[in-house]
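Residue strings, one per chain:
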Amino acid sequence: MVRVAMVDVPLHITSMWLPRYMDDPATTGSLGAGVVIRPGVKLTVRLGGKESSVGLINQVLAKFNVDAIVSYESPVELGVGYGMSAALTLGTAVGVAALLGRSVIEAAKVAHVVEVENRTGLGDVIAEYYGGGIEVRVRPGPPGVGLLDRVPYPEDLVVLTVDLGRGSTPTMLRELANKLNEIGPRYIEKMINEPTYENFVSLSREFSREIGFLTRDIEGRLSPCTRYADTYYVKKGVLVILTHEEEQLTQCLGEIGIAARRFVISNEGLKIVLRDQ
């Protein structure tokens, strides 16, 4: 018998964010808001074995000074904007911690530090750890340091996404640094002071436009279908649409040649169980 850790980590797509860099990676993070969604990334972690082909996973294992076999299934690819790198680092860290009998929340801090050191994410780990559906990050940092608020949202809300392309998060953060510092505080202050669904709907779209992700070309192509959407925004390489009219929206998107993925809002954060195989 070999004991393995089975970890299910939701994905997270930020809609607005403001980086907060500190000398200590454990207190670095972001303020902002986003949606936590499923299906997410499912990982199987077993101690011993060979190096992973994913560099971030190997960095997490190095922090624990262990070898492990980490396999995973994901509905999306790295580098698009779903917070998948955080799901891999978080799933690996808590899986290893569970097998070693160590603190899971301390393992989540390790995952956050790896994300910060690589500039692959600043607020995804805490969102994916706790869940919360539509979350607002009111204090930056990992679980145990940062703080999340939750936005109540209407029943039967569905998230449709469209992949537009892949990109480098470190490059994005570097290129948008000045713009984020310029416009970020205005949006984040409004969202934190009034964490309502209506505010999330309007601010997410406006932030996405002002930061330059939601272009006129994208909105023009999407325009025949927006009457079926509560809101829509773009994060890096993914278009996100929140809707109560899934059937009509999916049909409309199909008529204009757009195939969308379907997700549901997840109030649950990561799940972990141990299994003997």
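About the criteria used
- Residues numbered from 1 in each chain as written.
- Predicted model: local features only at pLDDT ≥ 70, side-chain atom pairs only at ≥ 80, totals over all residues.
- Heavy atoms only, no water.
- Helix = DSSP H or I, 4+ residues; strand = E, 2+ residues; numbered from the N terminus.
- Rg over C-alpha atoms; globule rule 2.2 N^0.38 Å.
- Buried < 20%, exposed > 50% of the residue type's maximum accessible area, 1.4 Å probe, protein only.
- Contact = heavy atoms within 4.5 Å.
- Areas by Shrake-Rupley, 256 points an atom, 1.4 Å probe, with all protein chains shown as cover.
- Lys, Arg positive; Asp, Glu negative; His and termini not counted.
- Charge placed at Lys NZ, Arg CZ, Asp CG, Glu CD.
- Polar contact = N/O pair within 3.5 Å; in protein donor to acceptor, adjacent residues only side chain to side chain.
- Salt bridge = Lys/Arg side-chain N within 4 Å of Asp/Glu carboxyl O.
- Expected span 1.5 Å × (residues − 1).

A.B. asks: How would you explain the overall build of the protein chain if you had to name every residue and give the values?
C.D. replies: The secondary structure content of the protein chain amounts to 9 helices and 10 strands. By the compact-globule yardstick of 19 Å for 277 residues, the protein chain fits well, its C-alpha radius of gyration being 18 Å. Its C-alpha atoms give the protein chain principal-axis dimensions of roughly 55 × 40 × 30 Å. Among the 277 residues that make up the protein chain, the fraction classed as buried is 53%. Counted over contacts in the protein chain with a minimum sequence separation of 6, partners at least 24 positions apart contribute 74%. Carbon and sulfur atoms form 47% of the exposed surface of the protein chain, whose accessible area is close to 12000 Å². Taken together, the 29 basic and 33 acidic charged side chains of the protein chain have centroids lying 4 Å from each other.

A.B. asks: I'd like to hear about the side chain of Thr-243, residue by residue, with values.
C.D. replies: In this structure, Thr-243 sits in strand β8 (residues 238–243). Thr-243 gets classed as buried once you look at its relative accessible area, which sits at 0%. Within the local environment of Thr-243, its side chain forms a polar contact with the backbone oxygen of Tyr-228, the two atoms lying 2.6 Å apart. Among the polar contacts made by the side chain of Thr-243, one reaches the main-chain amide nitrogen of Glu-245 at a distance of 2.8 Å. Setting aside residues no more than four positions away along its own chain, Thr-243 makes contact with Asp-156, Leu-157, Val-158, Leu-160, Tyr-228, Ala-229, Asp-230 and Leu-249.

A.B. asks: Hey, could you go over the pattern of salt bridges for me, with residue numbers and the actual values?
C.D. replies: According to the stated counting rule, one finds 12 salt bridges in the structure shown. For Glu-106, the salt bridge is made with Lys-109, and the minimal N-O distance between the two is 3.1 Å. Of the two residues, Glu-106 and Lys-109 are both situated in helix α3 (residues 104–118); the distance of 3 residues between them amounts to about one turn of the helix. Residue classification places Lys-109 among the partly exposed positions, given a relative accessible area of 22%. Of the charged contacts in the structure, one is a salt bridge between Arg-137 and Glu-135, with a shortest N-O distance of 2.6 Å. By the burial criterion, Arg-137 is buried, and Glu-135 matches it. One salt-bridge network, in which partners are shared between bridges, spans Glu-206, Arg-209 and Glu-219.

A.B. asks: Let's hear about α3: which residues, and what values?
C.D. replies: Between its terminal C-alpha atoms α3 stretches 21 Å, which fits the 21 Å expected from 15 residues at 1.5 Å a residue. Those residues of α3 that fall on the buried side of the exposure criterion are Ala-107, Ala-108, Ala-111, His-112, Val-113, Val-114, Glu-115 and Val-116. The N-capping residue of α3, defined by a side-chain oxygen 3.4 Å from the backbone nitrogen of Ile-105, is Ser-103.

These results come straight from atomic positions and should not be treated as a statement about function.
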